Amino acid sequence: MAEGSGSSSFANQMLSRLIEKGLSSPEETELLLKKKLTEDENAKCIEAMKVSLLCPISQTRMNFPCRATTCQHVQCFDADIFIQENEMNPKTWRCPVCQKPAHFQHLRLDGFFMSILRSPRLPPNAKDINLEYRIIWEPLLPSDQLQ
C-alpha cells in the first residue's frame, strides 16, 4: 500500500512514514465539514457541498487523500503526488488547495476520504461527491453518464 506508482525511493520512504502515522479519524473531517457548512453567517442554510476526488496537482483520482493539520478546508490532495512534487522542489511544501505552508510533519492521511475512496458504493468514474451536512455522501457522475 505504501508504494506509490512512479515514486522515487525517497518519496516511497516519506509516504511509508506518513502511513505509519495513521489516518485521521473520520470524526475530525466530519467536524471540519460541519464547520465549513455553517461558518458563513450570510449564507442561507448550506446543506451540502461538492468535493472533488481528484488531486488538485495531478487531476487524477486520489489514492492517499491527505491534508495538512494547519489547513481549514475539506478538500484533500494525494499525499504520494504531493511528496513527489516537493521532492523535486523542496522549498515549496505548500498546500495545493489553500497555498498555506504544509510541511511534512503537518501532513495527515484523511480517514474519512480514505473510506469513501475504498467504498464499493463509489463508481470508478466518479470524480466528485456531494457531501451533506448529515455526513451522507453520494457520488456525482460525469454529466454524460446521467442521461
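Residues numbered from 1 in each chain as written. Predicted model: local features only at pLDDT ≥ 70, side-chain atom pairs only at ≥ 80, totals over all residues. Heavy atoms only, no water.

Q: What should I look at first to understand the sheet that holds strand 2 (residues 48-52) in this one?
A: Two orientations exist for strands paired in a sheet by backbone hydrogen bonds: parallel and antiparallel. Across the sheet, which stays open at both edges, the 3 strands sit in the order 2-6-7 with antiparallel pairing between neighbours. Looking at which strands have only one partner, the edges of the open sheet turn out to be strand 2 and strand 7 (137-140). Shown here is a sheet whose adjacent strand axes are inclined to one another by a mean of 25°, direction ignored. Pairing analysis gives 4 bridges linking strand 6 (residues 128-132) to strand 7, with the strands arranged antiparallel. Looking at the pairing, Ile129 lines up with Pro139 of strand 7. (Pairing = 2+ DSSP bridges. Helix = DSSP H or I, 4+ residues; strand = E, 2+ residues; numbered from the N terminus. Axes fitted to C-alpha atoms, helices over the stretch in contact; angles between N-to-C directions.)

Q: Please explain the state of the cysteines as it appears in this structure.
A: Note on terminology: disulfide describes a covalent bond linking the sulfur atoms of two cysteines. Evaluated as defined, the whole model comprises 0 disulfides. Unpaired in terms of disulfides, Cys66 finds its nearest cysteine sulfur in Cys76, a separation of 7.3 Å. Looking at Cys71, it has no disulfide partner, and the nearest cysteine sulfur is the one in Cys95, 3.7 Å off. Cys71 gets classed as buried once you look at its relative accessible area, which sits at 5%. (Disulfide = S-S within 2.5 Å. Buried < 20%, exposed > 50% of the residue type's maximum accessible area, 1.4 Å probe, protein only.)

Q: Looking at this structure, how should I read the packing of aromatic side chains?
A: Aromatic ring pairs: the centre-centre distance and the angle between the two ring planes describe each pair. A full pass over the atoms with the stated rule returns 4 aromatic pairs. Summarising the aromatic geometry, the rings of Phe82 and Trp93 are spaced 5.5 Å apart at their centres and angled 80° between planes, so their arrangement reads as edge-to-face. Linking Phe82 in helix 3 (residues 79-88) with Trp93 in the loop between helix 3 and strand 5 (107-110), this pair joins segments that are 11 residues apart in sequence. Taking relative accessible area as the criterion, Phe82 reaches 2% and is therefore assigned buried. Taking the centre distance of 5.4 Å and the plane angle of 85° together, the rings of Phe112 and Phe113 count as edge-to-face. The class of Phe112 is buried, set by a relative accessible area of 6%. Given a relative accessible area of 0%, Phe113 falls into the buried group. Connected via pairs of aromatic rings, a cluster forms that spans Phe77, Phe82, Trp93 and Phe104. Across the ring face of Phe104, the terminal group of Lys21 is positioned such that the distance to the ring centre comes to 5.2 Å. (Phe/Tyr/Trp six-rings, centres within 6.5 Å; stacked < 30°, edge-to-face > 60°. Lys NZ or Arg CZ within 6 Å of the ring centre and 35° of its normal.)

Q: Help me out: how do you make sense of unusual backbone geometry in this one?
A: Residues other than glycine predominantly adopt negative phi, and peptide bonds predominantly adopt the trans conformation. Positive phi values are uncommon outside glycine, yet Trp93 reaches one of about 45°. Despite not being glycine, Gln99 shows a phi value in the positive range, around 70°. The topology assignment puts Gln99 in the loop between helix 3 and strand 5.

Q: Explain helix 2 (residues 26-38) here, please?
A: A turn of α-helix holds 3.6 residues, and therefore any two residues three or four places apart point the same way. In this model, helix 2 (13 residues) spans 19 Å end to end at C-alpha, consistent with the 18 Å of a helix rising 1.5 Å per residue. Restricting attention to buried positions, one finds in helix 2 the residues Thr29, Leu32, Leu33 and Leu37. Around the axis of helix 2, the buried residues are gathered within 130° of arc, so they sit on the same side. Tucked inside the fold, the buried residues of helix 2 contact strand 1 (23-24), strand 2, strand 3 (65-68), strand 5, helix 4 (111-117) and strand 6. (Expected span 1.5 Å × (residues − 1). Arc of directions from axis to C-beta. Contact = heavy atoms within 4.5 Å.)

Q: In this structure, what is going on with the packing of helix 1 (residues 9-21) against helix 3? I would like to understand it.
A: With their axes 9 Å apart at the nearest point, helix 1 and helix 3 run at an angle of 135° to one another. Of the possible angle classes, the one that applies to helix 1 and helix 3 is oblique. As helix 1 runs across helix 3, the sense of the crossing is right-handed. Within the contact between the two elements, helix 1 uses Phe10, Ala11, Met14, Leu15 and Leu18 and helix 3 uses Ala79, Asp80, Ile83, Gln84 and Glu87. For the contact of helix 1 with helix 3, the per-class residue count stands at 7 nonpolar, 1 polar and 2 charged. (Parallel < 35°, antiparallel > 145°, perpendicular 65-115°, else oblique. Left-handed = near helix turned anticlockwise from the far one by under 90°. Nonpolar A, V, L, I, M, F, W, Y, C, P; charged D, E, K, R; others polar.)

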